[in-house]
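If you want the building blocks of each chain, they are given just below.
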Number of protein chains: 2
Amino acid sequence: MENSIKIVNYLLQHGIRPSIQRMAVMGYLMNHQNHPTVDVIYAALSPQIRTLSKTTVYNALNLFYEHGAVATLDIDEKGTHYDANCEIHGHFKCLQCGDIFDLFNLPNLPFDTIEADGFKVSECHICYKGYCPACAKIETESSNHK
Amino acid sequence: MENSIKIVNYLLQHGIRPSIQRMAVMGYLMNHQNHPTVDVIYAALSPQIRTLSKTTVYNALNLFYEHGAVATLDIDEKGTHYDANCEIHGHFKCLQCGDIFDLFNLPNLPFDTIEADGFKVSECHICYKGYCPACAKIETESSNHK
DNA sequence: TTCCAATTTGTAATTATTACAATTTTATTT
DNA sequence: AAATAAAATTGTAATAATTACAAATTGGAA
Ligand SMILES: [Mn+2]
Ligand SMILES: [Mn+2]
Ligand SMILES: [Zn+2]
Ligand SMILES: [Zn+2]
């Protein structure tokens, strides 16, 4: 299928040897914008690949990160979230439902002013927290009820 | 002493009843700009308050956070970091030495455009990663040596 | 003082992640 | 193709951060 060829190429371009398990993990990330954790990925793939080990998911994701094939989001204490989109973009984490939203269209933060101070920047994370539109709506409705 | 009065007032202003332990934790945060973890705070205070429990440090910091008296930094998987400075400002985490630096003078990110989309923003985190000036210097020197 | 609620403490439980050795798969050499 | 070596996967055990919880302590109100 066309899709798996795309995954193989993406891995090879990042110097990662493709395996059944690595392709499954990367494929999940590329087809889901939900910034999943290891547990979410493992739960989704385990029924397909019945012998899959959670350690393999950890191994794959750590390898992907070292090769710049995925971005990591340390957005809460409940475990690392992963993102196949490595372009710099912002995120919004809803404190109510826990969903993580992408924020494009944010102004770019400067690298040059920081590097002028001697820092060598390799990542830039922008993250808001609060209530997502759906949860904010429920919030205001239930407070109207009072 | 003048210092402890400042701490008591800060806690009271945030609706937090001051106790020996809470004052010690908040005092440590106010006198150290290093964004410490629970373990760091506990290790620093334990010799002074010999009966201090690590659970109490967790309890205090969680309470502070709920009352808006401290900011939390989920900047890596190695545990939550705490900051007595609740003003919005950026951070830089060195991937070599692990130090976390404050970044003031960053351009303010927009709240209004995000809230126009229905999000209710309560926190905004900006975090760079890479090598700090000291570690970047060592890096370039050792590569010159080759 | 007596009583009650808040706080602290120690330990046990939970969860995320890594360490590691054994097995399986894949690539290389003969 | 068979033998061999290297890489990847797996299962389990160890580590580390955090929370749950009940007992003990503290501090203020009656
Ligand atoms: Mn994203
Ligand atoms: Mn700071
Ligand atoms: Zn939500
Ligand atoms: Zn450094």
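Residues numbered from 1 in each chain as written. Chains lettered and ligands numbered in written order. Predicted model: local features only at pLDDT ≥ 70, side-chain atom pairs only at ≥ 80, totals over all residues. Heavy atoms only, no water.

### Here's the deal with the protein's contact with DNA strand C
Consideration 1: In the vicinity of DNA strand C, 17 residues are found, and the nearest of them are A:T80, B:S19, B:R22, B:T51 and B:T56.
Consideration 2: Here the atoms of DNA strand C within 4 Å of the protein split so that 78% fall in sugar or phosphate, with bases taking the remainder.
Consideration 3: Between a phosphate oxygen of DNA strand C and a main-chain N or O atom of B:S53, the distance comes to 3.3 Å.
Consideration 4: Within the side chain of B:T56, a nitrogen or oxygen atom sits 2.7 Å from a phosphate oxygen of DNA strand C.
Consideration 5: For the surface near DNA strand C, the residue count by class is two nonpolar, eleven polar and four charged. (Near = heavy atom within 4 Å. Polar contact = N/O pair within 3.5 Å; in protein donor to acceptor, adjacent residues only side chain to side chain. Nonpolar A, V, L, I, M, F, W, Y, C, P; charged D, E, K, R; others polar.)

### So, the pattern of salt bridges
Consideration 1: Here the structure, examined in full by the defined rule, presents six salt bridges over all chains.
Consideration 2: A:D74 is the salt-bridge partner of B:K129, the closest N and O atoms lying 3.3 Å from each other. Of this pair, B:K129 sits in strand β5 (residues 120-131) while A:D74 sits in the loop between β1 (71-73) and β2 (81-83), on two different chains.
Consideration 3: The salt bridge partner of B:K54 is B:D39, with a shortest N-O separation of 2.8 Å. Here the residue B:K54 occupies a position in helix α4 (residues 54-66), and B:D39 occupies one in helix α3 (residues 38-45), the gap between them amounting to 15 residues. (Salt bridge = Lys/Arg side-chain N within 4 Å of Asp/Glu carboxyl O. Helix = DSSP H or I, 4+ residues; strand = E, 2+ residues; numbered from the N terminus.)

### Some words on the coordination of the zinc ion (ligand 3)
Residue and element names in this part refer to chain A.
Consideration 1: Within the first shell, the zinc ion (ligand 3) binds the protein through C94 (SG), C97 (SG), C132 (SG) and C135 (SG), at distances of 2.2 to 2.4 Å.
Consideration 2: Taken together, the four donor atoms surrounding the zinc ion (ligand 3) define angles of 103 to 116 degrees at the centre, an arrangement classified as tetrahedral.
Consideration 3: Between consecutive donor residues of the zinc ion (ligand 3), the sequence gaps follow C-x2-C-x34-C-x2-C. Here C132 and C135 have matching classes, each one buried. (Donors = N, O, S within 2.8 Å, 3.2 Å for Na, K, Ca; no water. Tetrahedral: all angles 85-135°; square planar, octahedral: opposite > 155°, others 65-115°. Buried < 20%, exposed > 50% of the residue type's maximum accessible area, 1.4 Å probe, protein only.)

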